[in-house]
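# Chains, contacts and geometry: an overview
Here are the chains, one letter per residue:
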Amino acid sequence: MLQNTRVPHCNKAQARGASAPLVLLPHPSPLHHNHHHSCCAQPVLEWRQHQRRVLCRADDALLHEAVASTSVPTASPSALPPQLVPPTDPSAYCVLNFYHLTPIADPQATVEEHRRFIERLGLDIRGRIYISSQGMNSQYGGTVEHATTYAEWVKQQPGFQGLFYTVWPADGHAFPKLRLKYKPNLISLAGGMEAMPITDPAARATPLEPAKWKEMIAQAKDKDIVVLDVRNDYEWDAGHFEGAERPAEEVFAETPVGEGEQEVPGYLKVVDKDAPVMMYCTGGIRCDVYSTFLRKKGYNNLYTLEGGVQNYFRQEGGAHWKGSLFVFDARMAIPASSEEAGALRAAVPCSLCGSPDSQLPHVNCANIDCNELFIACAACKQRFDGCCCEACMSAPRLLRPAKVDGGHYGAWGNYADRDEAGPIISTGRTREGRVARRARRREALKEKRMEFVSEKLARKKMVRDAMARLEALEQSPQEAEQKEVACTP
Ligand SMILES: [Zn+2]
Ligand SMILES: [Zn+2]
């Protein structure tokens, strides 16, 4: 068992109100739920064994051993692409990811406590570390020694026993600076997540180990299992599981989580609420959060991929996966298996010429008012000079140097935010004046961008309509003419 503090449990039985006999097992931790079904007995035992191993290792303070204890690939390291091999050299750079859902009484005070620890030890770690009343969500980088020292310390904090983190090789600092701060919501989601019971494992989906996931997804097509991608659409473009539909929302943060029955994704509306749904995301947190919403909506046969796709790659390689995995740091993408360790493959063709030789990372259009994140082939990246279309190449505010090898401009393309790269440690408390200035600037940029995008969409629509008319004419000249007449007011 790997993920977080979750005791594997049987959501299905609970949701259906099954009264399974209690199994006489000492309770692993007061944090965990007290439902022991007969079907859960084995996983609980496994979990306890894992837990014991983790605790023993926490006792010896050797950093590199701690790394090995948290993300042990089942495949031999030589079979893994270098991007997936856990780094062991304490001075090597890495990206370290974890999240942990547990109630935190005073998150603001906790932030200060964490900041003091980092400063006292002089840890040069950079990235996003968010703390809320519901736990922590962290993606940061630094040397293996610095990064794991902090993670191991977090693991010793009350409520954080069994914290599961993963460590990935990086060429240097993968984040510009440390953003350690209190955030009411650990992930961005429309309407917030404070009211969601995410710290209760019983309210979430059933976690599946990567091997179990692989077994189940192999049968997804035959058994009408829904495979649900809980990410942004551009992440799906970079790579996704077979059978998963492209997310309906452009960004996961806009996924509706309101009261209305109509607010579940379209492809879930048509399936039985008892039908199995396999949910996945990069590291697992988005599924844990969103699954509590779906369960509230009555879906009671939900499964999540433990440790997310990144962990699946390490354990099971690229089985049933198409393309690569988008990640939110300087690496931008990681390969699923060693066959793809060279140029990273995307799951969709070049958006400019349609060539299947599309390559990751995504390109962030050099036109600041467009800012589109798109996938292209190497030739088109050169030909369009880092822009997403011809119109962008001659845009009036082509302020930034083209990134023809792909990559984005940081702060999601807000190039004007460059001056922000100031102090290495930011607690989120900035001077009022600067914050207001930035907000104004962002608002102005947004307006410009909207203007540009709507113009572009209108242009695209014009071309599409013209093409459709042409096609219709070719098929049946008379009918098309009649239609035209009928449409004219
Ligand atoms: Zn192309
Ligand atoms: Zn563009």
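Below is a summary of the structure that appears in this document. As the structure is a prediction and not an experimental result, all values here were calculated from the model.

Conventions and cut-offs
- Residues numbered from 1 in each chain as written.
- Chains lettered and ligands numbered in written order.
- Predicted model: local features only at pLDDT ≥ 70, side-chain atom pairs only at ≥ 80, totals over all residues.
- Heavy atoms only, no water.
- Helix = DSSP H or I, 4+ residues; strand = E, 2+ residues; numbered from the N terminus.
- Buried < 20%, exposed > 50% of the residue type's maximum accessible area, 1.4 Å probe, protein only.
- Contact = heavy atoms within 4.5 Å.
- Areas by Shrake-Rupley, 256 points an atom, 1.4 Å probe, with all protein chains shown as cover.
- Donors = N, O, S within 2.8 Å, 3.2 Å for Na, K, Ca; no water.
- Tetrahedral: all angles 85-135°; square planar, octahedral: opposite > 155°, others 65-115°.
- Axes fitted to C-alpha atoms, helices over the stretch in contact; angles between N-to-C directions.
- Parallel < 35°, antiparallel > 145°, perpendicular 65-115°, else oblique.
- Nonpolar A, V, L, I, M, F, W, Y, C, P; charged D, E, K, R; others polar.
- Core = buried A, V, L, I, M, F, W, Y, C linked by side-chain atoms within 4.5 Å.
- Pairing = 2+ DSSP bridges.
- Disulfide = S-S within 2.5 Å.
- Expected span 1.5 Å × (residues − 1).
- Salt bridge = Lys/Arg side-chain N within 4 Å of Asp/Glu carboxyl O.

As a further point, take the overall build of the protein chain. When helices and strands are counted, the protein chain shows 14 helices and 16 strands. Going through the 489 residues of the protein chain one by one, you find that 50% of them count as buried. Sequence separation of 24 or more characterises 71% of the internal contacts of the protein chain that already satisfy a separation of 6 or more. Element-wise, carbon and sulfur atoms account for 54% of the exposed surface of the protein chain, whose accessible area totals about 23,100 Å².

As a further point, take the coordination of the zinc ion (ligand 2). Here the zinc ion (ligand 2) is held by the protein donor atoms Cys 365 (SG), Cys 370 (SG), Cys 388 (SG) and Cys 392 (SG), which lie 2.3 to 2.4 Å from it. For the zinc ion (ligand 2), the four donor atoms are set out with angles of 102 to 121 degrees between them, so the coordination reads as tetrahedral. Taken in chain order, the donor set of the zinc ion (ligand 2) reads C-x4-C-x17-C-x3-C. Of the two residues, Cys 370 sits in the loop between β14 (358–364) and β15 (373–377) while Cys 392 sits in helix α12 (residues 390–393), which places them 22 residues apart along the sequence. Cys 392 shares its class with Cys 370; the two are buried.

Moving on, we get to the packing of helix α6 (residues 210–217) against helix α10 (residues 308–316). Interaxial distance between α6 and α10 falls to 9 Å at its minimum, and their mutual angle equals 90 degrees. Overall, the two elements α6 and α10 adopt an arrangement that is roughly perpendicular. Along its contact with α6, which presents Pro 210, Ala 211, Trp 213 and Lys 214, the element α10 presents Asn 311, Tyr 312, Gln 315 and Glu 316. Taken together, the residues of the contact of α6 with α10 sort by class into four nonpolar, two polar and two charged.

What follows is about the nonpolar core. With 40 residues, the main nonpolar core has Trp 213, Phe 241, Tyr 280, Val 309, Phe 313 and Trp 321 as its most contacted residues. Looking at this core, the elements that each hand over two or more residues are α6, α7 (233–238), β9 (277–280), β10 (302–305), α10, β12 (325–326), β13 (333–334) and β15. Counting residues in each nonpolar core, the second largest holds 29 residues, with Ile 198, Val 257, Met 279 and Leu 294 among its members.

Here four strands make up an open sheet; going across it, the order is β6-β10-β9-β7 and the pairing parallel. Both edges of this open sheet fall to β6 (206–208) and β7 (226–229), since each of them pairs with a single strand only. Between one strand axis and the next, the sheet turns by 30 degrees as a mean value, whatever way the strands run.

This part covers the coordination of the zinc ion (ligand 1). Taken together, the protein donors to the zinc ion (ligand 1) comprise Cys 350 (SG), Cys 353 (SG), Cys 377 (SG) and Cys 380 (SG), at separations of 2.3 to 2.4 Å. Around the zinc ion (ligand 1) sit four donor atoms; with metal-centred angles ranging over 101 to 117 degrees, the donor geometry is tetrahedral.

Okay, the state of the cysteines next. One pass over the full model with this rule turns up zero disulfides. No disulfide involves Cys 287; its nearest neighbouring cysteine sulfur is the one of Cys 281, lying 3.6 Å away. For Cys 287, a relative accessible area of 2% gives the class buried.

So, on to helix α5 (residues 144–155). Helix length check: α5, at 12 residues, gives a terminal C-alpha distance of 16 Å against a target of 16 Å (1.5 Å per residue), a fit within 8%. With respect to burial, α5 is a largely interior element, 10 of its 12 residues being buried. All buried positions along α5 are accounted for by Val 144, Ala 147, Thr 148, Thr 149, Tyr 150, Ala 151, Glu 152, Trp 153, Val 154 and Lys 155.

Take the pattern of salt bridges next. Considering all chains together, one arrives at 11 salt bridges under this definition. In this structure, Glu 112 engages Arg 115 in a salt bridge whose closest nitrogen and oxygen atoms are separated by 2.4 Å. Of the two residues, Glu 112 and Arg 115 both sit in helix α4 (residues 107–121), three residues apart, roughly one turn of that helix. On the accessibility criterion, Glu 112 (21% relative accessible area) is partly exposed. With a shortest N-O distance of 2.8 Å, Asp 237 and Arg 246 are connected by a salt bridge. On the basis of relative accessible area, Asp 237 is assigned to the buried category, the value being 12%. According to the relative accessible area criterion, Arg 246 is partly exposed, its value standing at 37%. Bridged by salt links that share partners, the residues Glu 112, Arg 115 and Glu 119 form one connected network.

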